[in-house]
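Given next are the chains, with one letter for each unit.
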Amino acid sequence: MSRPTPTPFAAIPKQQGPELVRGLNAWHATSIVAGTIIGSGIFLVPAEMMQAVGSARLVYLAWIVGGLLSFFGALTYAELGSVRPYAGGEYVYVRDAYGPLPAFLYGWTWFLIAKPASIASVTAGLVRVLGTFSAFSFLPHALLSLHITADRVLTINSGQLVAIAANVFITGLNYVGIRKAGNFQFAFTVLKVIMIIGIAVIALTAASGSWSNFGTSFAGATGGMTGFMAALVAALWAYDGWNDLNMVSEEIQRPEKNIPLALVLGVGLVAVLYMGMNAGIQRALPAAVIAHQAVPAAAASEAALGHLGVWLVSIGMMVSMLATLNGTVMSGGRVPFAVARDGYFFKALGEVHPRFHTPGLALVIQGAVAILLILVGGAFRELFSLAIFAEWLFYMVSASTIFVFRKREPDVPRPYRTAGYPIVPALFIGTAFVLLCYTFASNLRDSIAGLVVILLGVPVFLWFAKRREPKIV
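Residues numbered from 1 in each chain as written. Predicted model: local features only at pLDDT ≥ 70, side-chain atom pairs only at ≥ 80, totals over all residues. Heavy atoms only, no water.

> What exactly am I supposed to notice about the packing of helix 8 (residues 224-239) against helix 16 (residues 423-442) here?
The description of two helices packed together rests on the angle between their axes and the distance between the axes. Across the interface, helix 8 lies against helix 16 with an axial gap of 11 Å and an inter-helix angle of 110°. With respect to each other, helix 8 and helix 16 are oriented roughly perpendicular. On the side of helix 8, the interface is formed by Thr-226, Met-229, Ala-230, Val-233 and Leu-236, while helix 16 contributes Val-434, Leu-435 and Tyr-438. (Axes fitted to C-alpha atoms, helices over the stretch in contact; angles between N-to-C directions. Helix = DSSP H or I, 4+ residues; strand = E, 2+ residues; numbered from the N terminus. Parallel < 35°, antiparallel > 145°, perpendicular 65-115°, else oblique. Contact = heavy atoms within 4.5 Å.)

Pasting the structure below:
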C-alpha cells in the first residue's frame, strides 16, 4: 500500500455539487469545546473520585493532573487542526500519517459504537434527571412490551420515547444548518457556565459549609496508586470531549486561528469551572459524605438552599446534557461523512445536503443507530464499555501523527505550533498509553471485545477498497 500524499493547508479536496460551509466563528468553536466537555461528569464523579483516593487534597490533585493532561492533548490537536482543517478531524490525521486502513478502523469504531452510544448515554441521563421531578414520575412506566424470543421481552417506556425525541430534535437541528446548531451550542454553553458558577458560589459562601472539610478523609477508599489512577480516569472522563471540535474543522471560519484559540480557551475555561465546582462541593461536605452521595453537587446545594438547591442542580445537569448532546451529534456526523467522501464507505454518506450544506444522511444514520441503542435499554452500556479501549487507543494514535507530520512535512506552513513540543505531545501520548494499559487490565473482557470490534472493520474496509473509485484531489 503506497504512502498517502500529504494534503497541504487550505487544499480541501474539490467536491462535485454542494460543499460544507464555514459557518462557525470563534465563539461557536469555543462553545463546542467547553459545551461538549461539560456534561453530567462534574456533577457525578466527585463521589467516585473520593471513593478512590479518600481525601479532598488527592481529589483536587486528580482534577489538576487531569486538566493538565487534557490541556496537553488540546495543544497537540490545535496544531493538527490548524494544518489539516478538514471534516473528520482525527480520521484525517490518521489517514494522512498511517494510511487509509487505520483511519477507516477509527471511523468504523466511532460510527458503529462510540458516537451512537454516547448519544444514547446522554439522552438516557437526561431522562433520569427529568425523572427526579414529580411531574415526570411517569417516565419509567412501560408503554409497550414486545416478545423478541420466548425468554426475552423488549419493553418500551415513556422515558425512552423522551430520549428518542431529544435525539431527533438535536439531530434535526444539526441537519438544517451548522450555523443553527452552533448558535444553539453557544447559547446553552453560556447558560450552563452561568449555572455552574452560580452553584459553585452558593456552595462556597453557604453558612452551612466549612473550610475544615478540606482536611477530612474517607477511610474506605481504595487508596494508593490504584486509587489515584481510578480517580484520574474519572477526571479525564469528565474532561473528555475537547477533541470533538477537530471533527468539524472544515466548517470553522479562519481555522488556522480559531481552532487553536477555541481549544486553549475551551479547555482552560472548563478546568477553572471544574476547580470552582469541586471546591464548593468539598467546602460544603466532608469527605465521607461526598463518597456516599449519588450526586455530590446536588447534596452540596441542598445543604445551602434546601430542596431548591437540588432543583437548581437538576436544571443545570439538563442544560449541560443538551449542549453535550448537540456537540456529540454535530461532531459524530462528520466522521462517516469524511470516510465516505474518501470512497471507503457508502457513497451517499459522503454527500452534502444541497440546501442546508450539512452531511445530512450521515447525521440521520447516526441518529437512527442511537435510537436502536436507546430502545435496547441498558444493553447499550456494554457497547459503550467496548469503546473505552478504542477511545484511548485512537487518542494515542492520533496525537502521535504530529511527530510524523513534523518529520515528513517540515516545510508545510504551520499557523500554530504546539507549545512545549516535543515534550507536551509526548507526555499526552505517554499518558494515553498508561491509561490504555490500565483500562485494558482493569476491564479485560470489554477491552478484548473492543479490539475485536475494531478488527472486524478490516474485511469491511477491504470490501469498500476494492470498489473504490480513484479519488481526484
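Read on, since the account is not over.
> Teacher, can you tell me more about unusual backbone geometry here?
Glycine aside, residues mostly have negative phi angles, and peptide bonds mostly take the trans form. Looking along the chain, the bond that leaves Tyr-421 and enters Pro-422 is cis, with omega of 5°. For Pro-422, the position within the fold is in the loop between helix 15 (380-408) and helix 16. Backbone geometry places Arg-254, a non-glycine residue, at a positive phi of 45°.

> I would appreciate a short explanation of the pattern of salt bridges in the present structure.
When the charged atoms of two side chains with opposite charge come close together, those side chains can pair. By the definition in use, this model includes nine salt bridges. With a closest N to O distance of 2.7 Å, Arg-95 and Asp-342 form a salt bridge. Of the two residues, Arg-95 sits in helix 4 (residues 90-98) while Asp-342 sits in the loop between helix 13 (307-341) and helix 14 (360-375), which places them 247 residues apart along the sequence. Judged by relative accessible area, which is 16%, Arg-95 ranks as buried. Judged by its relative accessible area of 7%, Asp-342 is buried. Residues Lys-115 and Asp-244 are paired through a salt bridge, measuring 3.1 Å at the closest nitrogen-oxygen approach. (Salt bridge = Lys/Arg side-chain N within 4 Å of Asp/Glu carboxyl O. Buried < 20%, exposed > 50% of the residue type's maximum accessible area, 1.4 Å probe, protein only.)

> For this particular structure, what's the right way to read the packing of aromatic side chains?
Aromatic ring pairs are described here by two measures, namely the spacing of the ring centres and the angle between the planes. Evaluation of the coordinates by the stated rule reveals 28 aromatic pairs. Residues Tyr-395 and Phe-428 carry aromatic rings whose centres are separated by 6.5 Å and whose planes lie at 50° to one another, so their mutual orientation is tilted. One end of the pair, Tyr-395, is in helix 15; the other, Phe-428, is in helix 16, and 33 residues separate them in sequence. Judged on exposure class, the residue Tyr-395 and its partner Phe-428 are both buried. Through successive ring pairs, a cluster of aromatic residues spans Phe-104, Trp-108, Phe-111, Tyr-344, Phe-345, Phe-346, Phe-461, Trp-463 and Phe-464. Stacked on the ring of Phe-405, the Lys or Arg Arg-84 has its end atom at 3.9 Å from the ring centre. Between the NZ or CZ atom of Arg-406 and the centre of the ring of Tyr-421, over which it lies, the distance is 3.8 Å. (Phe/Tyr/Trp six-rings, centres within 6.5 Å; stacked < 30°, edge-to-face > 60°. Lys NZ or Arg CZ within 6 Å of the ring centre and 35° of its normal.)

> Explanation requested: helix 17 (residues 444-455) in the structure shown.
Each α-helix turn comprises 3.6 residues. Residues three or four places apart therefore point the same way. The end-to-end C-alpha distance of helix 17, which contains twelve residues, comes to 17 Å, matching closely the 16 Å that a straight helix rising 1.5 Å per residue would cover. Every buried residue of helix 17 is listed here: Asp-446, Ser-447, Gly-450, Val-453 and Ile-454. Viewed along the axis of helix 17, the buried residues span an arc of 115°, placing them on a single side of the element. (Expected span 1.5 Å × (residues − 1). Arc of directions from axis to C-beta.)

> Help me out: how do you make sense of the environment of Ala-235 in this one?
Tracing the sequence through the fold places Ala-235 in helix 8. Sequence separation between Ala-235 and Tyr-274 is 39 residues, and the spatial gap between their C-alpha atoms is 9.7 Å. Other than its neighbours up to four places away in sequence, Ala-235 contacts Met-49, Ala-62 and Trp-63.

So yeah, pure geometry; function would need other evidence.
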